[in-house]
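Summary of the model geometry
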Amino acid sequence: MPAAGIAPSAGGKEYPGELTLFVTVTCVVAAMGGLIFGYDLGISGGVTSMSTFLKKFFPSVYQKQEADTSTNQYCKFDSQSLTVFTSSLYLAALLSSMVASTVTRKFGRKLSMLFGGILFFAGALINAFAKDIAMLIVGRILLGFGVGFANQSVPLYLSEMAPYKFRGALNIGFQLSITIGILIANILNYFFAKIHWGWRLSLGGAMVPALIITVGALVLPDTPNSLIERGHHDEARGNLRRVRGVEDVDEELNDLIAASEASAKVEHPWRNLLQRKYRPHLTMAILIPFFQQFTGINVIMFYAPVLLKTIGFGSDASLMSAVIIGIVNVIATSVSIYGVDKWGRRALFLEGGAQMLICQVIIAIFIGVKFGINGEAGNVPKWYAVVVVLFICIYVAAFAWSWGPLGWLVPSEIFPLEIRSAAQSINVSTNMLFTFVVAQVFLTLLCHLKFGLFLFFAFFVIVMTIFVYFFLPETKGIPIEEMSLVWKRHPFWGKFVPDDDLPASVVAANLELGKTGSFAKAL
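This structure is a prediction, so every number in the text was calculated from the model and none was measured.

**As for the overall build of the protein**
The secondary structure content of the protein amounts to 25 helices and zero strands. Per-residue burial over the protein gives 61% buried out of 523 residues. Across the protein, contacts joining residues at least 24 apart in sequence account for 82% of those joining residues at least 6 apart. Working note: accessible area of the protein is about 19000 Å², and carbon and sulfur atoms make up 68% of it.

This is the structure we're talking about:
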């Protein structure tokens, strides 16, 4: 049986409130935290395709390129030191997200965002003035610490500030800023590649998005949830009135206070994650980010210039193609912002999965036909390379309105307050772990699996699409504090959620309707 959806009126509450200018501006500024992650994703691949950068830091890769232009195209860039440069950031982000969980819970979402901006700025500064690989790696690690803090706090901040009817669109602002960061990085790479020391400008440019999130964290208000969690009830009431645009916020405030009081009784949120009733949440916190990375998207985003150079584009042409892919990414993410609260999360997941699968198979066929097993391509016709880029763009579009934004949105909106910071940390850590793994092994996999690498990721797209169909319920239009109702209604996960874990308002509403027996039976 496929996963069930649920209407927000089905026993849940509809809190008063509207989409105010204040909450819109607040969420837009907070979403800029995604710029640092996106900028790094875009800048890494472009910099590692610049010959001056390779010559200075990775001479063996540079010499392999220059010595024999007819070498196996699949293995041209296979270098462990090169992949360590790229992937070290994600290992650092994994570690820092654990610390960020405690900071986010005890000191608020704002402080965690502030730490993210400062650490990212320090890393960008070191990379811009790097003299050797050691400085590069230290800079990357600091960048990773910044990404870990920002990715931990920003999605939570957005989900908690946004009115539940518009939560999807406002939360996806985070993913949109990631895609804008990627696009800006690709454009800068294209122009800076023409300058001998342009790689320094590309790496140092990360200081700009770092400053944006740092200043933003200083001026933004904290979320009502976080203020209540830290005992500032009066301030939370004022903030809630501002972000909802109405005076009557007592019902939502009381529910937030009740959720916070229940959360305060939880002494060990990490240990509690293992409780049976949190099995659905823990499963999603692990599998959604795992699947997001195994769509293969970061292979494209990390290494788009390298990959396109490999399939026959010149250096400038490959960087320009990466810009085109970045533009598609931004536009398609905007489609998700428009449709996520209209069409729902499941519809976008399923359509995006089918579209990615078709494109990956076609890309594998085109590259396989031209390069074969030995990677010898000869002259690649321009039209042939253009077709490959076209299908890469269609694939990127599918990801950008499905697994890209929803991979961050859905986990951030399903966790109850008592485990929210810990579960989000698991989500970010899993994401960074498998981003690290994919980045670390991609060039080696390309060398050995050749065009089959795209079929490798296509297999995972099949698995994740089946998983969404059967196990992910629709969360569109459900207040975060009422989310347990969604799991109780699900044909598989319902058995894990006890009746006494449901919101009191839902139980009372069903009693008034004269329903008897357990809630599960009543439904």
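**Topic: helix α20 (residues 403-414)**
A rise of 1.5 Å per residue sets the reference length of α20, with its twelve residues, at 16 Å; its end C-alpha atoms lie 16 Å apart and thus fit the reference within 8%. Every buried residue belonging to α20 is among Trp403, Gly404, Pro405, Leu406, Gly407, Trp408, Leu409, Val410, Pro411, Ser412, Glu413 and Ile414, and all of these are buried.

**Overview of the pattern of salt bridges**
Under the defined criterion, the tally for this structure stands at twelve salt bridges. Here Glu229 makes a salt bridge to Arg105, at a shortest N to O gap of 3.7 Å. Taken together, the residues span a long stretch of sequence, with Glu229 in helix α11 (residues 224-229) and Arg105 in helix α5 (residues 80-107) at a distance of 124 residues. Note on accessibility: Glu229 and Arg105 belong to one class, buried. Linking Glu252 and Arg244 is a salt bridge whose minimum nitrogen-to-oxygen distance equals 3.0 Å.

**Focus on the confidence of the model for the protein**
Summarising the model, the protein shows a mean pLDDT of 83, and 85% of its residues fall at 70 or more. Every residue in residues 1-11 is under pLDDT 50, and counting partners more than four places away or in other chains gives 38 contacts. Note that pLDDT drops below 50 for residues 513-523; the model gives that stretch 13 contacts with residues more than four away or on any other chain.

**What to know about a nonpolar patch on the surface**
Among the surface-exposed residues, Val361, Ile365, Val369 and Leu455 lie close enough to one another that they form a single nonpolar patch of about 340 Å² accessible area. With respect to the element layout, Val361 can be found in helix α18 (residues 345-371).

**Description of the side chain of Ser159**
If you trace the backbone, Ser159 turns up in helix α7 (residues 133-161). With a relative accessible area of 2%, Ser159 lands in the buried category. Only 2.7 Å separates the side chain of Ser159 from the side chain of Asn171, close enough to count as a polar contact. Engagement of the side chain of Ser159 in a polar contact is seen with the side chain of Ser412, the distance being 2.8 Å. When near neighbours in sequence (up to four residues on either side) are disregarded, Ser159 contacts Arg167, Asn171, Ser412, Glu413 and Ile480.

**Some details on the packing of helix α15 (residues 279-293) against α20**
Running from amino to carboxyl end, α15 crosses α20 at an angle of 165°, the nearest separation of the two axes being 10 Å. It follows that α15 is roughly antiparallel to α20 by the angle criterion. Between α15 and α20 the crossing geometry is left-handed. For the pair α15 and α20, the contacting residues are His281, Met284, Ile288, Phe291 and Gln292 in the first and Trp403, Gly404, Gly407, Trp408, Val410, Pro411 and Ile414 in the second. Considered class by class, the residues forming the contact of α15 with α20 number eight nonpolar, four polar and no charged.

**Quick word on the nonpolar core**
Counting residues in hydrophobic clusters, the biggest one holds 128 residues, and the most contacted among them are Phe53, Trp403 and Met432. Contacts of Met432, omitting those with residues within four sequence positions, involve Phe37, Tyr90, Ala93, Leu94, Val147, Asn151 and Trp408. With six residues, the next largest nonpolar core counts Leu183, Leu319, Val323 and Val330 among its residues.

**Here's the deal with the environment of Asn272**
Mapped onto the elements of the fold, Asn272 is located in helix α14 (residues 269-272). Look at Asn272 and you get buried, because its relative accessible area is 14%. Polar contacts involving the side chain of Asn272 include one to the side chain of Gln275, which spans 2.7 Å.

About the cut-offs
- Residues numbered from 1 in each chain as written.
- Predicted model: local features only at pLDDT ≥ 70, side-chain atom pairs only at ≥ 80, totals over all residues.
- Heavy atoms only, no water.
- Helix = DSSP H or I, 4+ residues; strand = E, 2+ residues; numbered from the N terminus.
- Buried < 20%, exposed > 50% of the residue type's maximum accessible area, 1.4 Å probe, protein only.
- Contact = heavy atoms within 4.5 Å.
- Areas by Shrake-Rupley, 256 points an atom, 1.4 Å probe, with all protein chains shown as cover.
- Expected span 1.5 Å × (residues − 1).
- Salt bridge = Lys/Arg side-chain N within 4 Å of Asp/Glu carboxyl O.
- pLDDT = per-residue confidence, 0-100.
- Patch = residues over 30% accessible without salt bridge, like charges linked within 9 Å, V, L, I, M, F, W, Y side chains within 5 Å.
- Polar contact = N/O pair within 3.5 Å; in protein donor to acceptor, adjacent residues only side chain to side chain.
- Axes fitted to C-alpha atoms, helices over the stretch in contact; angles between N-to-C directions.
- Parallel < 35°, antiparallel > 145°, perpendicular 65-115°, else oblique.
- Left-handed = near helix turned anticlockwise from the far one by under 90°.
- Nonpolar A, V, L, I, M, F, W, Y, C, P; charged D, E, K, R; others polar.
- Core = buried A, V, L, I, M, F, W, Y, C linked by side-chain atoms within 4.5 Å.

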